[in-house]
Amino acid sequence: MNALKNRLYRLALLPLVGGWLTACGHQQLPPGVVYCSEGNPESFNPQTVTSGTTIDATSQQIYSRLVDYDADEGKIVPALATNWEISDDGLEYRFTLREGVKFHRSALFTPSRPFNADDVLFSFQRILDDDHPFHWVSRSGYPFFQSIDFVNQVSSVTKEGDHQVVFRLNRRDASFLSNLATDFAVILSAEYAEQQLNAGTPERLDTQAIGTGPFRLVEYVKNEYIRYRRHEGYWGKAPEIDMLVYDITSKSTVRLSKLITGDCSVSALPKAGELDLIDEHPDLQLQSRPGLNVAFWAFNTQKPPLDDVRVRQALSLAIDKRNILAAVYQDTAVEAQSLLPPSSWAYARDYELDIDYSPSKAMTLLAEAGVTNLSIDIWAMPVARAYNPNALKTAELIQADLANIGVKANIVSYDWSVFTQKLNRSDYDSVLIGWNADNSDPDNFFTPLLSCASVGSGNNRSRWCSPEFDALLTRARASTDRLERTALYQEAQAEVARELPMFAFAHAKRTLVHRNNISHMPISPFGGISFADIKPKIEEQD
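Here is what the cut-offs are and how they apply
- Residues numbered from 1 in each chain as written.
- Predicted model: local features only at pLDDT ≥ 70, side-chain atom pairs only at ≥ 80, totals over all residues.
- Heavy atoms only, no water.
- Pairing = 2+ DSSP bridges.
- Helix = DSSP H or I, 4+ residues; strand = E, 2+ residues; numbered from the N terminus.
- Axes fitted to C-alpha atoms, helices over the stretch in contact; angles between N-to-C directions.
- Buried < 20%, exposed > 50% of the residue type's maximum accessible area, 1.4 Å probe, protein only.
- Polar contact = N/O pair within 3.5 Å; in protein donor to acceptor, adjacent residues only side chain to side chain.
- Contact = heavy atoms within 4.5 Å.
- Expected span 1.5 Å × (residues − 1).
- Phe/Tyr/Trp six-rings, centres within 6.5 Å; stacked < 30°, edge-to-face > 60°.
- Lys NZ or Arg CZ within 6 Å of the ring centre and 35° of its normal.
- Disulfide = S-S within 2.5 Å.
- Core = buried A, V, L, I, M, F, W, Y, C linked by side-chain atoms within 4.5 Å.

Trainee: An account of the pairing of strand β7 (residues 154-159) is requested, with residue identities and associated values reported.
Mentor: Moving residue by residue along a regular strand, the side chains alternate between the two faces of the sheet. In terms of strand pairing, β7 meets strand β8 (residues 164-169) through five bridges, oriented antiparallel. For valine 157, the partnering residue across the bridge sits in β8 and is phenylalanine 167. Connecting β7 to the next strand, β8, in antiparallel fashion are four residues, including glycine 161 with a positive phi near 95°.

Structure (structure tokens):
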């Protein structure tokens, strides 16, 4: 009973955090922000997942990377590495590390030293080495790194002094730096890991996280909230807020209600149908910008009859994408004609999907394939994503379109944690899902989603593996010539259009809503969200 009372007391305090933006009288209390998030993180280590909910709660808040990607400048910039050198043959990357960077302190851990090369080695050797004591601690594996075949890409990671590390590659890879800038390539504390291993609790490394990012994790209560505090020793520009709370609120209507009442200052993923109300409300501001993402319907190509390209083509021809865009996105997305968004430097209209809405052609193809009385499951995410604000509604529209060609569709959904666990078993017919890019390199769309290595990682939801397609991607990554890479990725785009392992239907804008008591909240075209640069308005009252 006391535990329940304590939990209710903590929850009652959440709305007060937003109130700390203004203090009673002239006493200035530490400012805080409450963010209405859409779901629970699966882990507090983004190396081990590709879920956007987990990335939002962890990567940019708790951790830092060797390098970052500056979306406005369109280039890789220093982070924990201040500079780097690449050998003439493109096989060696030498990083000089930032000195004096402090790790977080917690009730479990007091660091005895600053960040150094040992932390970089630990963070990546854990992924690369099957015999590493932490490799199997993550039961989910390292899906992003598995999908890009990181273990065969990197020959070794070595230290040359406390502040220099060298990555040696087995083959040239123009996407290597971009991959180190992704939200997944975070740096962990080797000292904290050793302490937890000695204590017999290695799993705490991924659940009670320690990083070098702008905020430190304080408390997590599933389905309720995550609490962070400002990292006073942060190596970058210190955040202007002292406390950050993620108020876990799965329903979009409830998130909007909390915004209006002031219980939240920022909210995730508004539904398209709510945008007019947000735009008209005097206390709310809507931000949006084009996103580098894609929403798609992935077919499990290892399950008959979806292993027949004619069946995949038929199902795709039956879908009215424009109806989905109007009903689900309401002018917040553009129609997808390729896995790549039109803003990608490798996009080519000559290789767009040759799929126009045509139920009659769909029925003809099914007849040619000898498929009758087809019934398939469509798995739909229970949570909103930037690339698909309402997967269940999308599934219902697809269900209706398929009924027009005599195909029965059963919509399957679960609680998010159960959904991801079951999805990773790959026992599904098809799934509505998508991808947020981490940088502008087109390889970030192709290799993590469609390579043979990504089948094993679970990130390839189509379970489509083509050695010829893999060879094409390898050639594209090995080149440093933009024109040559463009041509190769356009070939890849054409191959996806022919084989249709997935049906892409939308590239969505990224949107964010905040109250007027927030003067600045950056929004990125890529995946992930960062509160490091949020600027609250602080007003004194008599």
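Trainee: Describe the sheet that holds strand β6 (residues 92-97), listing the residues and the values that go with them.
Mentor: What the four strands build is an open sheet, ordered β5-β6-β8-β7; its pairing is antiparallel. One side of each edge strand has no neighbouring strand; the edge strands of this open sheet are β5 (81-86) and β7. Within this sheet the neighbouring strands show an average axis-to-axis angle of 15°, counted without direction. Alignment of β5 against β6, held across five bridges, turns out to be antiparallel. Within the sheet, the bridge partner assigned to tryptophan 84 lies in β6 and is phenylalanine 95.

Trainee: Can you break down the side chain of histidine 507 residue by residue, with the values?
Mentor: By the element assignment, histidine 507 lies in strand β19 (residues 502-515). Residue classification places histidine 507 among the buried positions, given a relative accessible area of 4%. At a separation of 2.7 Å, a polar atom in the side chain of histidine 507 contacts the main-chain carbonyl oxygen of asparagine 293. Every residue in contact with histidine 507, bar those within four places of it in the chain, is listed here: Asn293, Val294, Ala333, Val334, Glu335, Ala336, Ser338, Leu339, Leu340, Pro341 and Pro342.

Trainee: Before we move on, could you go through unusual backbone geometry and cite the residues and values that matter?
Mentor: Of note, the amide linkage connecting proline 304 to proline 305 takes the cis form, showing an omega dihedral of 0°. You can see proline 305 is positioned in the loop between β14 (293-299) and α11 (309-317). Phi at leucine 269 is positive, roughly 45°, even though this residue is not glycine. If you trace the backbone, leucine 269 turns up in the loop between β12 (266-268) and α10 (275-280). Owing to a relative accessible area of 14%, leucine 269 belongs among the buried residues under this scheme. We note that arginine 463 has phi near 55°; this positive angle belongs to a residue other than glycine.

Trainee: I'd love a proper account of the environment of serine 524, names of residues and values included.
Mentor: Relative to the helices and strands, serine 524 is located in the loop between β20 (518-520) and β21 (535-536). Residue classification places serine 524 among the partly exposed positions, given a relative accessible area of 24%. The spacing of serine 524 and asparagine 40 is 484 residues in sequence and 21 Å in space, taken between C-alpha atoms. Setting aside residues no more than four positions away along its own chain, serine 524 makes contact with Ala71, Arg289 and Arg510. Polar side-chain contacts of serine 524 include one of 3.0 Å to the backbone nitrogen of phenylalanine 526.

Trainee: Explain the environment of asparagine 390 residue by residue, including any values.
Mentor: Among the structural elements, asparagine 390 can be located in the loop between β16 (375-380) and α14 (391-403). On the basis of relative accessibility, which here comes to 22%, the residue asparagine 390 falls in the partly exposed class. For the pair asparagine 390 and alanine 272, spaced 118 residues apart in sequence, the C-alpha separation works out to 8.9 Å. In this view, asparagine 390 contacts Lys271 and Val328; residues no more than four positions away in its chain are not counted. Among the polar contacts made by the side chain of asparagine 390, one reaches the main-chain amide nitrogen of lysine 393 at a distance of 3.0 Å.

Trainee: Quick rundown of the pairing of β14? Include the residues and the values.
Mentor: In terms of burial, β14 is largely enclosed, as seven of its seven residues are buried. What you see with β14 is no split at all: Asn293, Ala295, Trp297 and Phe299 on one side and Val294, Phe296 and Ala298 on the other are buried throughout. When β14 meets strand β18 (residues 430-436), the two strands line up antiparallel, connected through seven bridges. Across the sheet, the residue bridging to phenylalanine 299 is serine 430, located in β18. Two elements, β14 and β19, share four bridges in a ladder whose sense is antiparallel.

Trainee: An account of helix α19 (residues 482-499) is requested, with residue identities and associated values reported.
Mentor: Between its first and last C-alpha atoms α19 spans 26 Å; for 18 residues at 1.5 Å apiece the expected length is 26 Å, and the two agree. All buried positions along α19 are accounted for by Arg485, Thr486, Leu488, Tyr489, Gln490, Ala492, Gln493, Ala494, Glu495, Val496 and Ala497. Check the buried side of α19 and you find it contacts α16 (443-450) and α18 (467-478). Positive phi appears at leucine 500, one or two residues downstream of α19, with a value of about 50°.

Trainee: Run through the packing of aromatic side chains, naming residues and quoting values.
Mentor: Following the criterion strictly, the structure yields 25 aromatic pairs and no others. Both rings, one in phenylalanine 144 and one in phenylalanine 184, keep their centres 4.6 Å apart while their planes meet at 20°; by these two values the pair is stacked. One end of the pair, phenylalanine 144, is in helix α4 (residues 143-147); the other, phenylalanine 184, is in the loop between α6 (176-180) and α7 (190-198), and 40 residues separate them in sequence. Residue phenylalanine 144 shares its accessibility class with phenylalanine 184, and that shared class is buried. Here the aromatic rings of tyrosine 234 and tryptophan 235 are separated by 5.4 Å at their centres, their planes lie at 55°, and the arrangement is tilted. We classify tyrosine 234 as buried; its relative accessible area is 18%. One aromatic cluster in this structure is built from Trp84, Tyr93, Phe95, Phe124, Phe144, Phe145, Phe150, Phe167, Phe176 and Phe184. The ring of tyrosine 414 is capped by lysine 422, whose NZ or CZ atom sits 5.2 Å from the centre of that ring.

Trainee: Go over the state of the cysteines, please, and point to the residues and values.
Mentor: Counted according to the given criterion, the structure contains two disulfides. Two residues share a disulfide in this structure: cysteine 36 and cysteine 264, whose sulfurs sit 2.0 Å from each other. Its S-S torsion of approximately 60° makes the covalent link between cysteine 36 and cysteine 264 right-handed. A residue pair is termed long-range when its members are at least 10 positions apart, and cysteine 36 in strand β2 (residues 32-37) and cysteine 264 in the loop between α9 (252-261) and β12 qualify at 228 residues. Here cysteine 36 falls in the buried class, since its relative accessible area comes to 0%. A relative accessible area of 0% means that cysteine 264 is categorised as buried. Cysteine 452 shares a disulfide with cysteine 465; S-S distance 2.0 Å.

Trainee: If you had to explain the nonpolar core to someone new, which residues and values would you point to?
Mentor: Side chains of nonpolar character tend, in soluble globular proteins, to be buried together. If you look at the biggest cluster of nonpolar residues, it comprises 150 residues, and the most contacted ones within it are Phe124, Phe167, Trp297 and Leu402. Val34, Val221, Ile278 and Val513 belong to the second largest nonpolar core, which has 13 residues in total.

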